[in-house]
Amino acid sequence: MALSREEREKFLAEPHIAAIAITAEDGRAPLTVPIWYQYEPGGDAWILTGLDSRKNQLIQRAGRFSLMVERVEPSIRYVSVEGPVVETAPGTVELLREMSARYLPADKVDGYVDMASKSHGEQVVIRMRPERWVSSDLGSV
């Protein structure tokens, strides 16, 4: 059964690991990899990635991407959202800290932010406006 707008936005706002899908070069399947993301109901979804990463290069070429999140307990539920890129800007330590705090225990955030700031290279934040939604709750099968 499809989720209501409120249900799907609330689910997407939970800290799931997403699968990002981006149209790839001719002759290749879409790039689909796991990624951390941030979303608040009614807003734009955003990711952080390396400025020189393949993800960023493909997103800039395609101008859009999809995120898909799922869970299997207590019921099988998923939300997939696709939309256009509405902003690309330099990543900041503050955004890295916000994203890290979404996924890591509080006592691990500072160490991760310090490591990532030193070793991940220049980052960009890419904001996507949710345009098309696909969702379902299959219940307990």
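Placed above this text is the structure.
Please read all numbers here as calculations on a predicted model, not as lab measurements. (Residues numbered from 1 in each chain as written. Predicted model: local features only at pLDDT ≥ 70, side-chain atom pairs only at ≥ 80, totals over all residues. Heavy atoms only, no water.)

K.L.:
Describe helix α2 (residues 54-62), and please don't skip the residues or the numbers.
P.N.:
In an α-helix, one turn spans 3.6 residues, which is why side chains three or four residues apart end up on the same side. Taken residue by residue, α2 has Asn56, Leu58 and Ile59 as its buried positions. Each buried residue of α2 lies within a common arc of 165° when the element is viewed along its axis, so the set occupies one face. In the segment just after α2, Gly63 is the residue with positive phi, at about 75°. (Buried < 20%, exposed > 50% of the residue type's maximum accessible area, 1.4 Å probe, protein only. Helix = DSSP H or I, 4+ residues; strand = E, 2+ residues; numbered from the N terminus. Arc of directions from axis to C-beta.)

K.L.:
Run through the side chain of Asn56, naming residues and quoting values.
P.N.:
Tracing the chain through its elements places Asn56 in helix α2. In contact with Asn56, not counting residues within four places along its chain, are Thr49, Gly50, Leu51, Val124 and Ile126. (Contact = heavy atoms within 4.5 Å.)

K.L.:
Account for the pattern of salt bridges, naming residues and giving values.
P.N.:
Enumeration according to the criterion identifies 12 salt bridges in this entry. Put simply, Arg129 and Asp44 hold a salt bridge, and the shortest N to O gap is 2.8 Å. Of this pair, Arg129 sits in the loop between β6 (123-128) and β7 (132-139) while Asp44 sits in the loop between β2 (31-35) and β3 (45-50); the two residues are 85 residues apart in sequence, bridging distant segments of the chain. Members of the salt-bridge network, linked through shared partners, are Arg64, Glu82, Glu131 and Arg132. (Salt bridge = Lys/Arg side-chain N within 4 Å of Asp/Glu carboxyl O.)

K.L.:
Go over the nonpolar core with me, naming the residues and quoting the values.
P.N.:
Residues Leu12, Ile20, Tyr37, Ile47, Phe65 and Leu67 are the most contacted members of the largest nonpolar core, which totals 35 residues. Here Phe65 is in contact with Ile20, Ala21, Ile22, Ile59, Val81, Glu82, Gly83, Val85, Ile126 and Met128, once residues within four sequence places are set aside. (Core = buried A, V, L, I, M, F, W, Y, C linked by side-chain atoms within 4.5 Å.)

K.L.:
Report on the layout of surface pockets, specifying residues and quantitative values.
P.N.:
Taken as a whole, the largest pocket holds about 390 Å³ of empty space. Considering the residues around the largest pocket, the lining is formed by 18 residues, among which Leu48, Thr49, Leu96, His120 and Gln123 are closest to the centre. Contributions of two or more residues to the lining of the largest pocket are made by β3, α3 (93-103) and α4 (106-119). Within the lining of the largest pocket, the residues separate by chemical class into 8 nonpolar, 8 polar and 2 charged. (1 Å grid on protein atoms, 1.4 Å probe; cavity = no way out; pocket = protein on both sides within 12 Å on 5 of 7 lines; lining within 4 Å. Points joined across faces, edges and corners; volume = space filled by probe spheres on them. Nonpolar A, V, L, I, M, F, W, Y, C, P; charged D, E, K, R; others polar.)

K.L.:
Tell me what's going on with the side chain of Ser136, and back it up with residues and numbers.
P.N.:
Relative to the assigned elements, Ser136 resides in strand β7. Classification of Ser136 by relative accessible area gives buried; the value is 8%. What Ser136 contacts, discounting residues up to four positions off in sequence, is Met1, Ala2, Leu3, Ile76, Arg77 and Tyr78.

K.L.:
Can you break down unusual backbone geometry residue by residue, with the values?
P.N.:
That bond from Glu73 to Pro74 is cis: its omega, 5°, falls within 30 degrees of zero. Inspection of the secondary structure assignment puts Pro74 in the loop between β4 (64-71) and β5 (76-90).

K.L.:
Any details on α4? Residues and values, ideally.
P.N.:
Over its 14 residues, α4 runs 21 Å from end to end, which matches the ideal 20 Å to within 8%, given 1.5 Å per residue. Restricting attention to buried positions, one finds in α4 the residues Val109, Val113 and Ala116. Phi for Gly121, located one or two positions after α4, is positive at around 75°. (Expected span 1.5 Å × (residues − 1).)

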